[in-house]
Amino acid sequence: MTRPDAGPTSAGPTSAGPTSAGGPVADRATAGFRQRYGEQPVGHWAAPGRANLIGEHTDYNDGFVLPFALSLRTVVAAAGQPGEVWTACSELAREPVEFTADDLAEPGRVTGWGAYVAGVVWALREAGHTVPGARLAIASDVPLGSGLSSSAALEAAVLAALVDLGGLDLPAAQQPRLAQRAENEYVGAPTGIMDQSAVIRCREGHALFLDCRTEAVEHIPFDLDAAGLAMLVIDSRAPHRHADGEYAARRASCEQAARALGVPALRDVPADGLADALTRLPDDETRRRVRHVVTEDQRVLDTVALLRAGRIRDVGPLLTASHDSMRDDFEITVPEVDTAVRAALSAGALGARMTGGGFGGCVLALVEAASADPVVAAVTSAYAERGFTAPGHVTVLPAPGATRL
Ligand code: ADP
Ligand code: MG
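Rules used in this analysis
Residues numbered from 1 in each chain as written. Chains lettered and ligands numbered in written order. Predicted model: local features only at pLDDT ≥ 70, side-chain atom pairs only at ≥ 80, totals over all residues. Heavy atoms only, no water. Helix = DSSP H or I, 4+ residues; strand = E, 2+ residues; numbered from the N terminus. Buried < 20%, exposed > 50% of the residue type's maximum accessible area, 1.4 Å probe, protein only. Polar contact = N/O pair within 3.5 Å; in protein donor to acceptor, adjacent residues only side chain to side chain. Pairing = 2+ DSSP bridges. Expected span 1.5 Å × (residues − 1). Contact = heavy atoms within 4.5 Å. Core = buried A, V, L, I, M, F, W, Y, C linked by side-chain atoms within 4.5 Å. Domains from an automatic or database assignment. Salt bridge = Lys/Arg side-chain N within 4 Å of Asp/Glu carboxyl O. Axes fitted to C-alpha atoms, helices over the stretch in contact; angles between N-to-C directions.

**Quick notes on the environment of T58**
As for its position among the elements, T58 is in the loop between strand 1 (43–52) and strand 2 (64–65). With a relative accessible area of 0%, T58 lands in the buried category. With 193 residues separating them along the chain, T58 and R251 place their C-alpha atoms 10.0 Å apart. Polar side-chain contacts of T58 include one of 2.7 Å to the backbone oxygen of F64.

**Thoughts on unusual backbone geometry**
Backbone geometry places D62, a non-glycine residue, at a positive phi of 65 degrees. Here D62 lies in the loop between strand 1 and strand 2. The phi dihedral of R237 falls on the positive side, at around 55 degrees, and the residue is not glycine. Mapping R237 onto the fold places it in the loop between strand 9 (229–235) and helix 6 (243–261).

**Some words on the pairing of strand 1**
Among the 10 residues of strand 1, 10 are classified as buried, and the element is accordingly described as predominantly covered. Pairing between strand 1 and strand 3 (residues 67–80): 9 bridges, direction antiparallel. Within strand 3, the position partnered with A51 by the bridge is F68. Bridge count between strand 1 and strand 13 (residues 403–404): 2 bridges; the pairing is antiparallel. In the sheet register, A46 faces strand 13, and the bridge partner there is T403.

**Topic: helix 1 (residues 23–37)**
The end-to-end C-alpha distance of helix 1 is 21 Å, a good match for the 21 Å that 15 residues give at a rise of 1.5 Å each. Judged by how many residues are buried, helix 1 sits mostly within the fold: 11 of 15 residues are covered. Buried within helix 1 are the following residues: G23, V25, A26, D27, R28, A29, T30, A31, G32, F33 and Y37. The inward-facing, buried residues of helix 1 contact strand 1, strand 3, strand 4 (85–90) and strand 6 (134–140).

**Some details on the nonpolar core**
Counting 41 residues, the largest nonpolar core has L232, L266, V290, A365, V367 and V379 as the members making the most contacts within it. Only strand 9, helix 6, helix 7 (274–279), helix 8 (284–308), helix 10 (335–346), strand 10 (351–355), strand 11 (362–368) and helix 11 (372–386) provide two or more residues apiece to this core. At 6 residues, the largest contribution of residues to this core is made by helix 11. In this view, V367 contacts L229, A230, L232, A349, L350, A372 and V375; residues no more than four positions away in its chain are not counted. Formed by 40 residues, the second largest nonpolar core is a distinct cluster that contains A47, L159, V163 and L168.

**Observations regarding the domain arrangement of the protein chain**
Accessible area lost upon the coming together of the parts serves often as the stated size of an interface. Split into domains, the protein chain comes out as domain 1 (23–223) and domain 2 (229–396). Just the C-alpha atoms count here: the centres of domain 1 and domain 2 sit 26 Å apart. At the interface, 30 residues of domain 1 touch 42 residues of domain 2. Viewed at the interface, domain 2 and domain 1 are joined by 4 salt bridges.

**What about the sheet that holds strand 13?**
Overall, mixed pairing links the 6 strands, which are arranged 5-4-6-3-1-13 in an open sheet. Of all the strands in the sheet, the pair left with one neighbour each is strand 5 (97–100) and strand 13. Here strand 4 runs beside strand 5; their pairing, made up of 4 bridges, is antiparallel. Bridging across to strand 5, W86 finds its partner in F99. Helix 1 rests against strand 1, strand 3, strand 4 and strand 6 of the sheet, and its axis sits at about 140 degrees to strand 6.

As structure tokens, then:
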């Protein structure tokens, strides 16, 4: 998988002796804490990365998404410190950060990776909480900037630590909004509610069915292990070409289409009303954009129905149909991800699709556990044939959301 933009510190990931209950990543957080602060942390809090099983570009259309938490996680080792001072270091960032209440007067004073930490403290204080000063040391197995939401994992792990250290009254159901506010308003990155909801609220062996209009969530059984299946996350290593501008263009075209159809959002176009809606749109490109969103919402609902019925293998074709729709109708895929999907399917994957906003990022491949290696080999050799940078990969299981270790 890709490693961070910030690069590892000179110390790098280190082992803290025998592996603890929190696993190697928690041991690295402990080692980082002891190295920087010369004492033991009082506890560890973890939050996972996430992947969206299906439901792409449906969130800002008030539609449905179905993410699951990854068995890759970010761990914060933490202890309180006197005063309104917060200090944090990360094995994935060269520079530690330190800020005080004065620095939190308005967004923008703490920048770089520290803004994600400061944003959480800022959002808690904005919500009226008294946040205890703290020392934090962070370690993570979630690759940064690959679309697996290392940013939400960092926010959620820091939030969990501060809520516990301060004995704050903030139920889990309210935490995603607060973490989202940190990222939208303090860091300045526009994201929907999916990432924070997934990394905070997911359950092991389940996917999280999220209605982006009402924010209602439901835990849907998705026990890959019990079914003898595995999920491969393949990092396409494609450079994100013009992703921000293209995202804004897709969003604008969905909003225009909703206006043209006289509905609040494309979520309000039912699948059986799609043919009629298409006749009322001005051009072919807009028709294709709308067709993606409406059919994708329906694919999320169909996936949920199959999972509820215990038919995990039958989800495969829906994943592949989602990819085809992103490639042909929404036009957000790139040659690397199309190559990875095609190669995974030809090597026996039950279904495969790009996950995330597009123009790079990761591909999910649902495979029989025994087929994981041949599928990876097929993708790797298809990449080599085309001269692409070799892909990364990891096998994941649906994991729990943020928790104290
Ligand atoms: P994604 O969420 O898809 O991984 P983002 O660009 O949203 O990508 O977030 C990545 C940024 O989050 C990094 O550039 C860094 O600033 C910050 N970040 C996330 N996790 C960590 C970490 N463990 N240590 C330091 N910074 C982190
Ligand atoms: Mg992110």
